[in-house]
Structures are given as structure tokens and as C-alpha cells.
There are 2 protein chains.
Amino acid sequence: MVRGRISRLSVRDVRFPTSLGGHGSDAMGGAFPLQHTDPDYSAAYVVLETDAEDGLKGYGITFTLGKGTEVVVCAVNALAPHLLNKDLGDIVGDFRGFYRQLTSDGQLRWIGPEKGVVHLATAAVLNAVWDLWAKQEGKPLWKLLVDMDPRKLVSCLDFRYITDVLTEEEAYEILRKGQVGKKEREEQMLAHGYPAYTTSCAWLGYSDATLKQLCSKALEDGWTRFKVKVGADLQDDIRRCRLIRNMIGPEKTLMMDANQRWDVPEAVEWMAKLAEFKPLWIEEPTSPDDILGHATISKALVPLGIGVATGEQCHNRVIFKQLLQAKALQFLQIDSCRLGSVNENLSVLLMAKKFDIPVCPHAGGVGLCELVQHLIIFDFISVSASLKDRMCEYVDHLHEHFKYPVIIKKASYMPPKDAGYSTEMKEESVKKHQYPDGEVWEKLLAAQVN
Amino acid sequence: MVRGRISRLSVRDVRFPTSLGGHGSDAMGGAFPLQHTDPDYSAAYVVLETDAEDGLKGYGITFTLGKGTEVVVCAVNALAPHLLNKDLGDIVGDFRGFYRQLTSDGQLRWIGPEKGVVHLATAAVLNAVWDLWAKQEGKPLWKLLVDMDPRKLVSCLDFRYITDVLTEEEAYEILRKGQVGKKEREEQMLAHGYPAYTTSCAWLGYSDATLKQLCSKALEDGWTRFKVKVGADLQDDIRRCRLIRNMIGPEKTLMMDANQRWDVPEAVEWMAKLAEFKPLWIEEPTSPDDILGHATISKALVPLGIGVATGEQCHNRVIFKQLLQAKALQFLQIDSCRLGSVNENLSVLLMAKKFDIPVCPHAGGVGLCELVQHLIIFDFISVSASLKDRMCEYVDHLHEHFKYPVIIKKASYMPPKDAGYSTEMKEESVKKHQYPDGEVWEKLLAAQVN
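Calculation notes
- The residue numbering used here restarts from 1 in each chain and proceeds along that chain's sequence as written.
- Chain letters start at A and ligand numbers start at 1, both assigned in the order the entries are written.
- Confidence filtering applies because this is a predicted model: local features only for residues at pLDDT of at least 70, side-chain atom pairs given and counted only at 80 or more, and all residues used for totals across whole chains, interfaces and linings.
- Water and hydrogen atoms were dropped before computing side-chain values, which therefore reflect all heavy atoms in the structure.
- Strands are runs of DSSP state E lasting at least 2 residues, helices are runs of H or I lasting at least 4, and numbering of each runs from the N terminus.
- In this setup the radius of gyration rests on C-alpha atoms only. A globule is expected at 2.2 Å times the number of residues raised to 0.38.
- Exposure categories follow from relative accessible area, calculated using a 1.4 Å probe and restricted to protein chains: below 20% of the type maximum is buried, above 50% is exposed, and the middle band is partly exposed.
- Throughout, a residue-residue contact means that at least one pair of heavy atoms, one from each residue, lies within 4.5 Å.
- Values of accessible area rely on a 1.4 Å probe in the Shrake-Rupley scheme; residue burial ignores everything except the protein chains shown.
- Charge counting follows a simple rule: Lys and Arg are positive, Asp and Glu are negative, and His as well as the terminal groups are ignored.
- Taken as the charge location is NZ of Lys, CZ of Arg, CG of Asp or CD of Glu.
- What makes a salt bridge here is a side-chain nitrogen of Lys or Arg within 4 Å of a carboxyl oxygen of Asp or Glu, nothing more.
- Within 3.5 Å is the distance limit for a polar contact, defined as a pair of N or O atoms, with the added protein rule that one can donate a hydrogen and the other accept it, and that residues adjacent in sequence qualify only through two side-chain atoms.
- For two strands to be treated as a pair, DSSP must find no fewer than two bridges joining them.
- Where helices are involved, their axes are fitted lines through C-alpha atoms of the stretch in contact, as for all axes, and angles between N-to-C directions lie from 0 to 180°.
- Oblique is the label for every angle not falling under 35 degrees (roughly parallel), over 145 degrees (roughly antiparallel), or within 65 to 115 degrees (roughly perpendicular).
- Crossings are classed by handedness, with left-handed meaning an anticlockwise turn of the near helix from the far one by less than a right angle and right-handed meaning a clockwise turn.
- UniProt positions are given in the numbering used here, feature names are shortened, and annotations may be inferred rather than shown by experiment.
- Copies are brought into register by a least-squares superposition over C-alpha atoms of residues with pLDDT of at least 70 in both.
- When two rings of Phe, Tyr or Trp (its six-membered ring) have centres within 6.5 Å they constitute a pair, described as stacked for plane angles under 30 degrees, edge-to-face for angles over 60, and tilted for the intermediate range.
- As used here, buried area is the combined drop in accessible area, with a 1.4 Å probe, of two parts when they are placed together.
- Residues are grouped as follows: Ala, Val, Leu, Ile, Met, Phe, Trp, Tyr, Cys and Pro are nonpolar; Asp, Glu, Lys and Arg are charged; every other residue, Gly included, is polar.

1. With respect to the overall build of chain A
Point 1. Helix and strand counts for chain A stand at 18 helices and twelve strands.
Point 2. Against the 2.2 N^0.38 benchmark of 22 Å for 450 residues, chain A shows a C-alpha radius of gyration of 21 Å, consistent with a compact globule.
Point 3. Across its three principal directions, the C-alpha atoms of chain A cover 60 × 60 × 45 Å.
Point 4. Classification of the 450 residues of chain A by burial places 65% in the buried group.
Point 5. Taking contacts inside chain A between residues at least 6 apart in sequence as the whole, the part at least 24 apart equals 76%.
Point 6. Summing over all exposed atoms, chain A offers an accessible surface of approximately 14900 Å²; the carbon and sulfur share of this is 51%.
Point 7. Taken together, the 53 basic and 60 acidic charged side chains of chain A have centroids lying 4 Å from each other.

What follows is the structure, encoded as C-alpha cells:
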């Protein structure tokens, strides 16, 4: 089925000026209020072309926040020689080997390994490969994965450094068991979609009136799960959490997100004071690197009924492995663009299954919803087979720039039907938002000078 | 004392073609034989200029392996706006704040945080700041640190995410206690230097004859501590370890280095088979991210008399904190260019002291010996006050490109006497080795084309 030799890899720096103007100050001033002030939601955007006659291209992104996108672009260019002139069939035919080749380049490995800029670049490049593969097979990515033979699937994964908790044989067994009832679960997804939660109505610093209005609107739209940002000011957190809990009532779900604000002891103290509002989880209470810190926080908060959630900045499967080993999280939040694409995310889904920890993906940003829906729909159909305590983040933002935007119905992600990984952006949007020479940025930068 | 406003930051991509020709295949083919084949020892080389009349410049490097240096250079340029037009006095006057500013840039933080490319870039930039500061004070860096008031020293450190094991007050107490006997220890260093070990004579794949010859030479030169690379082939490891142990006798020290070759169970099994050669430590047995894995390996090997050493690829203080908490290492190997310069290294030295774990720095590469000697000499004089189980790596390589190269006497690092951080390279060397347009590379690249 797979065909063509990679004849071209291009990468562009695409930025949306979400930090500027009313648009930005509304949604984004609060999106990463504690650590990521004034982000310009951005992407390193990769396009793969082949010499096949079908003319199909593979599109891949990794999400960034503005500055630094050019650094990721530079890293993508450093990886490009590994792809150029390669047969797509050879790449996906030994995908484990190719993944290892990209992540273990003898010289580039030093500036990672498998973390930060080079790993984000790896994600962008491999996301494009998966998009192209799925397109050539004429299937949406989730369906490509669901239909794939379990032996073939595990051959895409690099088990290096995780065999102490998950061997290839164990991974195969999980997938083999996941075949039972698969058809029914696929039908369930097609009919009802995958449950989502919204992060759009409880940013820091909102007035009571704004909170009430947004919350009412979300309830009307059928949302039943809400996330609120905390960590800047305890009294303000108490005010907003009380208001929201009163609005949504005791039955609906409330989550809290601290965006890495606290040190370990502070996280425990602060959350003890917010326990009365019955949050399901506290997200990113501290450094994403602090496995033992998350374990300490979990140990203190689980008895209060609060789980710990983290993952959007966990840089590879080795960190997730340890978070699971250390009982450091109760909800695992994969990210489609920080881990090494589908390959590494699959290994994390399988480890989560082994430890019986629900996966609740990180999304939002630009494109993250489009990508990660494929992974979590596959997870339900072929791995976890459960929706208990599971949901996928949703932010209603920047979808209009994608050729195949997400479809949300009754607060659920409806499975994409178009072939590919939903990664392709509208060429017009890309052109306009290229940094620094796209039309949008030329105007903005000229205005800054004047 | 401190003066001037940063008027210019330049950064260059400097590469030494150590992968090519006899030179490279000798020393380097074995330097990172398992993960880092054919490295070109390289650096992102930063120069800071000020508007002060003294004309002093600050030089900073971070070490790289060739490809990817351009990515680090790109990241340095992304950080540059944080330095330009800043008063040096304001930077070092609130060095903790400045460190936080660099590492928590609202947009750049996403592509780290504090790891990989951006953190290597942070190291290069801050190494230049420390070099400039020490030069303005007219002292070698180690002496600047030794003479600095403990309160001032701790004000340079960012305790974020480590307060659960080291508070500012505890750090101050350690430094205050370190004042006792400081003068004597400084004299001891000036007279005898800091003990080193050599990694120059037991690369993988050497024949018996070569091993014997190099080992004899090192013994003649007064070396008493030897490191051998292992992990590719067990029978070959046994052969080389037996030969070296026979050559050096039972009293001298032998260390082993696996360069992240193994998964956790494999590391334990393999090292059990090398235990008879009495290695002091096994270095980098597995992924540098695997804190719990290192703990498991330590638990299995310490009863066999083998310690675990790691650190050259540990990306920040949060990882080191956990390695200490988990009893995952018995020897801690800081790196002057991977952590966030002197600032972050100091916090790791202080945590190591608290946990009573000896620090044995990583060096070699290009410039790493020049820089890290300052840190470990300071550690002895002001923090650890002990040489027990302590030594600093040494590789006899590329020192000729530095203006103030290391001086080794009787297998010890003699404290540098020139002002600064020993980071300055000879301008002629830099020009020649700039990539891709320096003379050396123009010739090599032309030869590749032909």
C-alpha cells in the first residue's frame, strides 16, 4: 500500500498573534497565566512530499508559544537528512528502527536526548510521516491504528528504557486482548464520540460577572466537566472555585490546574485549602520533571479525594514510566506534539493500561485537539476499553485554520472521517501567519516599529 | 566593582573535526562509542561585550557534538534580548532573578523548560556572564566564589522546585560552615591541586597491545584512577577489564562507563558479571532520565561493592534532587555546560553536600575540563571540605585551543590563576574552526564534495 520516496521536507514557522489585541487578552492572557504569559500560539509546520504519483503530502506540527519556534524549525532542518530520499515503505516498514535512528543520531543526541527542542522537532517530523501513511491508506489515523495488526503496531514502538515495566510481549498481549469488543466500541465512538471537558471558562483574574456568564453558556452547551486555573492567589482561587462549584452544582466535575506554579510543600498546603470544592484533580502542581515530588503530592491529596494529573510537559516515555511506577499521578495527560509522535504516545497508552491509570489528553493550543483526538479514540477502542474517569481536554480556539477541524457534538469529540492525522492547515492561514514575513506579522511588526 | 552595560552578544558555531582522520578515530571513535558515534567535538561560543572602558569581554561555551550546534546557536540568539542593554551590575546584583528570567521566558519556556537545547544555550550565555564578572573582579572564577559572602552566593541560586530538600537557609548554613578551615584548604589546592582521573586509555575495541601501551604510559605519568568503557560486548568487556586490572594492580581505582547502553534489568545482569574486576562505579548504566531505574540498579549493585555514577546528561537540578532523594547514585557527576551555569551547579553541589554524596565532575569534550575545575575546586574549599572518594575527570584533548588551558601536575588539576572562567578560546582557533565557513571546514567540506 505504502508508496513513494520522500523527495522534499519543508518546515515553516507559523504564529498566531494570540498575545495581542482583545482576542489574546481574553483567552490567552489566562491560558497559561502563571508560566506562559502572553503566548503567541504557534507551530513548526512540516510538509513531506514524495515522488509517488498520488500527489499526497504528509503534514506534521509541533505546538509552540511564539518565540523559540525558529529554534524548533532549525532542529527540524537538522533532522531532515534522515528522511530525504528514504522510501516511505522502508520508514514505516521498520518504524521502530527509524524512530531510534531519529532519536539516537550520534551527534544530535547530545542536545536531547529525547527531550526539549530536538524531541519537539522529532514529533513534528513523525506526525507528518503518520499523516502521510494514513492518507495513503485512505483512513483517518485512529482507524489506521485500530485496524492495524497488533504485531505490526508494537513493531512501531521503541521499548528502550521501558522494558522494566513493559516488554514487547506484554504490549502485544494488551493489544491482543483489546481486540475483543473492538467493533462495538468503534460503533459507540462513531455514534457518540469521546467525552470532552472545557478549559474555556475559568481563567484567572475573571470577574464574577464574566465567570457566571461563561459558565452559564457552557452549561447550556451541554458541558459537564470544567477546569479552573489556580495558584496565583489563594483568596482569588477560593472565590472563583466557590462561584463555579455553586454554578455547576455538586454532581458535575471540576478540575484545577496550577501550571507548575508550586514547590512540593506549597502544592500540598494550597490544595488542602481548595479541597472543599471537590476537585477531581490538580493538574501540574509542580515541575514536570519532579516525579518524586508528584508522588509526595499524590500521597497527601488522594486521601482528600483529589488526584494528581500531569503530562503536557513530560518530555518522554521514561518520565511517564516513572510517574506510573511511583504512583505519582492518578490521571495521565499525553500530548500529541511533545512526545515522539504516535510511536511514543502508543507506548505511554500501553503503560497506562498496565497500571490501570486513565489517560486524559492535553489539548488546546493550536492543532493539539485535532491530533490528540485520534490517539484517545484509538485508546478507547483498542487499549483501555473504558470511559471511566476519562475525558479529553477541549479549547474552542484556532480550529478555523485547519482543513479538517475537530467536530464537537454534545461535549464530545466526534471521530474524524477524513484520511490522515487532521494535521493539515489551510495554506492561506499558513501564508498569512508565517513568521516574520506573513501578512499578519508584517503589519504587526511594522506597527511595533512605528 | 562590576561595571558596564552589555552592548553586544555574539555567538559562533565552532567545531573540531574529531570524527575525521586518525586523530578522531583514535580518541573519539571510542569517546562515546555506544551512543555518540563519530562526534565532532564542538561548542556554541558566546562573547559578551560591554560599554565599560576596561575593554573586558565575557566568554561562554556550551559543549556539543557537531550537528545540532547550529540549533543551540539559534537558541542563544533567542535568549540574547534578555541580556542586551542590561547593566552587568543589575544582572549579578539580582542573579537569581536574572536566572529565573532567562529560564522562565513566557514563550521560550515551552520548548524546555530548563532542559535540552534552551538550557544548553542558557549555560553558554551565563557561563559568559560569570567569566566577565570574574574578570572584572580580577579573579579566577573559583576564587571569586570562594571569597564571596555566603549570603551573596545563595542569592545567585534559584531554589524553585528544590525547597523540599534544600531551602535557602540550609544552603546558607552549609556555606557558613564551609568557612571553617577554608584558608588551609585553599593553600592545599594551590600546592597540590585537585585529584583527577583519566579516561584516555581504555576505549572500546582497542587491541590488547594498544591497551597495554596506553596503560603503561598513564601509570608512568602518575595516574592512579582509570575509566574503561563497557556495554557493547560482554566478552570484550571482560577481556579489557581483566587486562587493565592486571596492569594497574588491586590497589588502584577502576571505573566503568556504559554511556546509557542498557535497560535496567540488563544493567544489573551485565555489571554482576564485571564485579570481579572491582569497579568503583558504573557510570550512566541507563537513560539519564531514569531516576527510579538508577535507584534499582544502585540497590542491586551497591552490595557487590559497585556504586552508580551519573550526571553528564542530567538536565537540571530537579533531576539531581530526585537522584539524591531516591539514593539512585553514589557518585554525582555535574557538567559545567549542561546545567544552567555556575548558578545551577552550585545548587547541586549544596544538595550533594546535604546528602553526603561525593561530586566527581564530568569533563573532556572541548572546554569542559577548563570550566569544571573551577567548580570542583570551589566545592572542596567551601562546600565538601573533603577529597574522600572524589576526583575530577580528565581527557587530554583540545586544550591547545584555549587561552588559559588546564594545568595538570601529578594527575591533579592545578587551580587556575588567570582571571575569569578559563572559557576564552584562541581567536585563531575559533576562526579556523567556525562551521561551515572556517578554513578547516571549507577544506573538509570541499573534499567531501569532490
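From this point on, the discussion continues.
2. Observations concerning the pattern of salt bridges
Point 1. Inspection of the entire model under this criterion finds 70 salt bridges over all chains.
Point 2. Lys115 of chain B is the partner of Asp289 of chain A in a salt bridge, and the nearest nitrogen-oxygen pair spans 3.0 Å. With Asp289 of chain A in the loop between β7 (279-283) and α13 (291-301) and Lys115 of chain B in the loop between α4 (95-103) and α5 (116-137), this pair bridges two chains.
Point 3. Since its relative accessible area comes to 0%, Lys115 of chain B is described here as buried.
Point 4. In this structure, Arg100 of chain B engages Asp158 of chain B in a salt bridge whose closest nitrogen and oxygen atoms are separated by 2.8 Å. With a gap of 58 residues between them, Arg100 of chain B in helix α4 and Asp158 of chain B in the loop between α7 (150-154) and α8 (168-177) connect regions that are remote in the sequence.

3. Examining the side chain of Glu312 of chain B
Point 1. Tracing the sequence through the fold places Glu312 of chain B in the loop between β8 (307-310) and α14 (317-325).
Point 2. At 3.5 Å, the side chain of Glu312 of chain B forms a polar contact with the side chain of His362 of chain B.

4. Focus: the sheet that holds strand β3 (residues 57-64) of chain B
Residue and element names in this part refer to chain B.
Point 1. Across the sheet, which stays open at both edges, the three strands sit in the order β1-β2-β3 with antiparallel pairing between neighbours. The open sheet terminates on both sides in strands that have one partner only, identified here as β1 (6-15) and β3. The average angle at which neighbouring strand axes cross in this sheet is 15°, direction not considered.
Point 2. Sheet analysis places β1 next to strand β2 (residues 42-50), joined by nine bridges and oriented antiparallel. Each residue of the ladder has a partner; that of Ile6, found in β2, is Thr50.
Point 3. The strands that α5 touches are β1, β2 and β3; relative to β3, the one it contacts most, it runs at about 150°.

5. Here we look at the packing of helix α2 (residues 69-79) of chain A against helix α5 (residues 116-137) of chain A
Residue and element names in this part refer to chain A.
Point 1. It is at 8 Å that the axes of α2 and α5 come closest, and there the two elements cross at 65°. Here α2 lies roughly perpendicular to α5, going by the angle between them. Considering only the axes of α2 and α5, their crossing is right-handed. Of the residues in α5, those in contact with Val71, Val72, Ala75, Val76 and Leu79 of α2 are Val117, Val118, Leu120, Ala121, Thr122, Ala124 and Val125.

6. Remarks on the UniProt feature "domain: Mandelate racemase/muconate lactonizing enzyme C-terminal" (unreviewed entry) in chain A
Point 1. In this structure's numbering, the residues bearing the UniProt feature "domain: Mandelate racemase/muconate lactonizing enzyme C-terminal" (unreviewed entry) are residues 208-303 of chain A.
Point 2. Note that residues 208-303 of chain A is 52% helix and 16% strand, and that its end C-alpha atoms are spaced 31 Å apart.

7. Examining the environment of Thr64 of chain B
Point 1. As for its position among the elements, Thr64 of chain B is in strand β3.
Point 2. When the C-alpha positions of Thr64 of chain B and Lys354 of chain B are compared, they lie 31 Å apart, and in sequence the two are 290 residues distant.
Point 3. Filtering out sequence-adjacent residues up to four positions away, Thr64 of chain B remains in contact with Trp110 and Ile111 of chain A together with Asp40, Tyr41, Ser42, Ala43, Ala44, Thr69 and Val72 of chain B.
Point 4. Separated by 2.9 Å, the side chains of Thr64 of chain B and Thr69 of chain B make a polar contact.

8. So, the relation of the copies chain A and chain B
Point 1. If you rotate chain A by 180° and push it 0.0 Å along the axis, it lands on chain B with an RMSD of 0.0 Å. Look at the turn and shift together and you get a two-fold axis relating the two. No C-alpha of chain A approaches the rotation axis more nearly than that of Gly116 of chain A, which lies at 2.5 Å.
Point 2. Looking at the interface residues of chain A, 100% of them are also at the interface in chain B, so both copies use one shared face.

9. Observations regarding the environment of Ile291 of chain B
Point 1. Within the fold, Ile291 of chain B resides in helix α13 (residues 291-301).
Point 2. Relative accessible area serves as the criterion here: at 1%, Ile291 of chain B is assigned to the buried category.
Point 3. For the pair Ile291 of chain B and Leu102 of chain B, spaced 189 residues apart in sequence, the C-alpha to C-alpha distance is 26 Å.
Point 4. Excluding its chain neighbours within four sequence positions, the residues that come into contact with Ile291 of chain B are Ile291 and Gln322 of chain A together with Ile319, Gln322, Leu323, Ala326 and Ala328 of chain B.

10. Let's talk about the packing of aromatic side chains
Residues and elements named next belong to chain B.
Point 1. Across all of its chains, the model carries 24 aromatic pairs over all chains by this definition.
Point 2. Seen in terms of ring centroids, Tyr45 and Tyr59 are 6.0 Å apart; in terms of plane orientation they differ by 25°. Their pairing is stacked. Of this pair, Tyr45 sits in strand β2 while Tyr59 is found in strand β3, placing the two residues 14 residues apart along the sequence.
Point 3. Residue Tyr59 is classed as buried on the basis of its relative accessible area, which comes to 12%.

11. Describing the pairing of strand β3 (residues 57-64) of chain A
All names here are of chain A.
Point 1. By the criterion of burial, β3 is predominantly enclosed, with seven of the eight residues buried.
Point 2. Pairing between strand β2 (residues 42-50) and β3: eight bridges, direction antiparallel. Across the sheet, the residue bridging to Val47 is Tyr59, located in β3.

12. What to know about the sheet that holds strand β1 (residues 6-15) of chain A
Residue and element names in this part refer to chain A.
Point 1. Strand order in this open sheet of three strands is β1-β2-β3, and the pairing throughout is antiparallel. Only two strands of the sheet have a single partner each, and these edge strands are β1 and β3. The average undirected angle you get between the axes of adjacent strands in this sheet is 15°.
Point 2. α2 contacts β1, β2 and β3 of the sheet and is inclined by roughly 175° relative to β1.

13. A few points about the interface of chain A and chain B
Point 1. On the side of chain B, 65 residues touch chain A, which itself brings 65 residues to the contact.
Point 2. Of the roughly 5200 Å² buried between chain A and chain B, counting both surfaces, carbon and sulfur atoms make up 54%.
Point 3. Taken as a group, Lys67, Gln107 and Trp110 of chain A account for 18% of the area that chain A buries against chain B, more than any other trio of residues on that side.
Point 4. The interface formed by chain A and chain B contains six salt bridges.
Point 5. We note a salt bridge from Asp290 of chain B to Lys321 of chain A, for which the minimum N-O separation is 2.5 Å.
Point 6. When residues of the side of chain A that touches chain B are assigned to their parent elements, the largest contribution, six residues, is made by α2 of chain A.
Point 7. When grouped by side-chain class, the residues that make up the side of chain A that touches chain B number 27 nonpolar, 22 polar and 16 charged.

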